[in-house]
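Single-letter residue listing:
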Amino acid sequence: MSPIRNGTVVTGGAEWMITSQQAESKLEGARVDTQREMDTLVKRAKRLSADENISYVEAFLRIQQEVVEAQMEEDSDDDEISTPPIDEEGDLESVSSDNNNNNITYDWNDLYLDKEREFDQNIYLSSLVVHGFKRGSKELGIPTANLDMEQLGEIGTSLETGIYYGWAKLNENYYETVVSVGWNPFYNNTVKTIEAHLLHSLSDFYGEKLELLLCGYLRQEANFKSLDELISCIHCDIAKAKGHLEKTTELCRNQSNWSPNN
């Protein structure tokens, strides 16, 4: 899903409409056994092209290189290593490395059981972006924008803690977003925060007005044994959010939704 600018979906370049057959011809050296695997690679390349605002061909070649390198690493390692499959949404399952540099695939499905839901009525939030703990970019590689809890008032205080998905509005542009609400148990925060991770590369926008339209709930807050586990689960949140948000594009286009009384 591309970001939407002034009501228009922004593509990753003029070469977006490459076909699966053309893509397959570029996968020299990579083992792609089924058309389904090819289709998921194409989805990944489209998403990367949109998220990083690069041409589709550049995105696909980068994905190709990742596939080849992963296969070469698997072939050269005598130990049994868990290689993450490609899911139907075109995302690799969340992976991190332990101290021995062996790949570990985490399964977070239990966190979403009986929690994941779409809202009948969206939740609207709006405030200026303020400085937070600055862990998102430095420690996690996942930058977040902190909302001002004082400006949010009662709605911020009463909002259920957990992980949400929705849309962000910044300078009349719309972006898919994953929002964390709560105390961040891994870091033992002493104050409640609301942090939005916009699924698009942007420069700093501290002090700007950020509006959020929360469309659904993914899971409750959780603690983790390591930073790798936390990062892995965040990427799983992102993948799940993208799957839900593909169905909600019209919500962000409807200006009547961007108000406290939507």
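Above this text sits the structure in question.
Reading guide: rules and limits
- Residues numbered from 1 in each chain as written.
- Predicted model: local features only at pLDDT ≥ 70, side-chain atom pairs only at ≥ 80, totals over all residues.
- Heavy atoms only, no water.
- Helix = DSSP H or I, 4+ residues; strand = E, 2+ residues; numbered from the N terminus.
- Buried < 20%, exposed > 50% of the residue type's maximum accessible area, 1.4 Å probe, protein only.
- Contact = heavy atoms within 4.5 Å.
- Areas by Shrake-Rupley, 256 points an atom, 1.4 Å probe, with all protein chains shown as cover.
- Phe/Tyr/Trp six-rings, centres within 6.5 Å; stacked < 30°, edge-to-face > 60°.
- Patch = residues over 30% accessible without salt bridge, like charges linked within 9 Å, V, L, I, M, F, W, Y side chains within 5 Å.
- Salt bridge = Lys/Arg side-chain N within 4 Å of Asp/Glu carboxyl O.

A. Looking closely at the overall build of the protein. Broken down by element type, the protein carries 9 helices and 10 strands. Taken across its 262 residues, the protein has 47% of its residues classed as buried. Put simply, of all contacts in the protein between residues at least 6 apart along the chain, 67% involve residues at least 24 apart. Surface accessibility of the protein: about 14,000 Å² in total, with carbon and sulfur atoms responsible for 45%.

B. Expanded view of the packing of aromatic side chains. Counted according to the given criterion, the structure contains 7 aromatic pairs. Here Trp108 and Phe224 contribute two aromatic rings whose centre-to-centre distance is 5.4 Å and whose plane-to-plane angle is 85°, an arrangement assigned as edge-to-face. Taken together, the positions of Trp108 in the loop between strand E4 (103–105) and helix H4 (109–112) and Phe224 in the loop between strand E10 (209–219) and helix H8 (227–245) put the pair 116 residues apart, joining distant regions of the chain. For the pair shown, Trp108 and Phe224 are each scored as buried. Look at Tyr164 and Tyr217: their rings are 5.0 Å apart centre to centre, the planes differ by 90°, and that puts the pair in the edge-to-face class.

C. Looking closely at a nonpolar patch on the surface. On the surface, a nonpolar cluster with roughly 280 Å² of combined accessible area is contributed by Phe133, Trp183 and Val191. Structurally, Phe133 can be placed in the loop between strand E5 (117–130) and helix H5 (135–140). A residue is classified by how much of its surface remains accessible, and Phe133, at 41% relative accessible area, is partly exposed.

D. Up close: the environment of Cys215. The topology assignment puts Cys215 in strand E10. Separated by 97 residues in sequence, Cys215 and Glu118 place their C-alpha atoms 6.2 Å apart.

E. Quick look at unusual backbone geometry. In this structure, Asp114 takes a positive phi of about 65° despite not being glycine. Mapped onto the elements, Asp114 comes out in the loop between H4 and E5. Located in the positive-phi region is Asn188, a residue other than glycine, with phi close to 55°. One can find Asn188 in the loop between strand E8 (173–182) and strand E9 (193–198). Owing to a relative accessible area of 61%, Asn188 belongs among the exposed residues under this scheme.

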